[in-house]
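Observations on the three-dimensional arrangement
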Amino acid sequence: MMQAMTAKELEYIADSMSNEDLQIKQCAVAAATMTNVQLQQACSHMVDVHTQHYNTLLNAVQQHQSMAPAQPQS
């Protein structure tokens with residue numbers, strides 16, 4: 001059975017998601033501005049790779065969301 005993620009683990013995942021999002025944006029800009037078709041295709045491929053990484057991290061958070069402890073109401 002899976003255990004709920006710790007706050008530190010969630011921070012690491014949030015940081016990783018932020019980094020992947022930045023890479024997606026940078027690769028998309030590079031692909032849009034490239035004149036060399038091979039480089040453009042490589043950048044477009046990297047957009048897909050980083051999007052997969054982002055979605056994998058998002059899915060991990062969503063799977064553990066139901067196990068997260070309830071936040072105390074103040």
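By convention here, each chain's residues receive numbers from 1 onward along its written sequence. In keeping with the predicted nature of the model, local features appear solely for residues at pLDDT of at least 70, side-chain atom pairs appear and are counted solely at 80 or more, and the whole-chain, interface and lining totals rest on all residues. Side-chain numbers come from the whole structure's heavy atoms, not from hydrogens or water.

Brief notes about the environment of Gln-52
Counted only if it meets this: Secondary structure elements are taken from DSSP: a helix is a run of H or I of four residues or more, a strand is a run of E of two residues or more, and numbering for both begins at the N terminus.
Tracing the sequence through the fold places Gln-52 in helix H2 (residues 37-65). For the pair Gln-52 and Glu-20, spaced 32 residues apart in sequence, the C-alpha separation works out to 9.2 Å.

Quick look at the pattern of salt bridges
We count it as follows: Salt bridge criterion: a side-chain nitrogen from Lys or Arg within 4 Å of a carboxyl oxygen from Asp or Glu. Exposure classes here rest on a 1.4 Å probe applied to the protein chains alone. A residue is buried below 20% of its type maximum, exposed above 50%, and partly exposed in between.
Summed over the entire model, instances satisfying the criterion amount to one salt bridge. Where Asp-21 meets Lys-25, a salt bridge forms, and the shortest distance between an N and an O atom there is 3.0 Å. On the criterion of helical spacing, the pair formed by Asp-21 and Lys-25 is a turn pair, its members being four residues apart in helix H1 (residues 7-33). Note on Asp-21: relative accessible area 29%, which makes it partly exposed.

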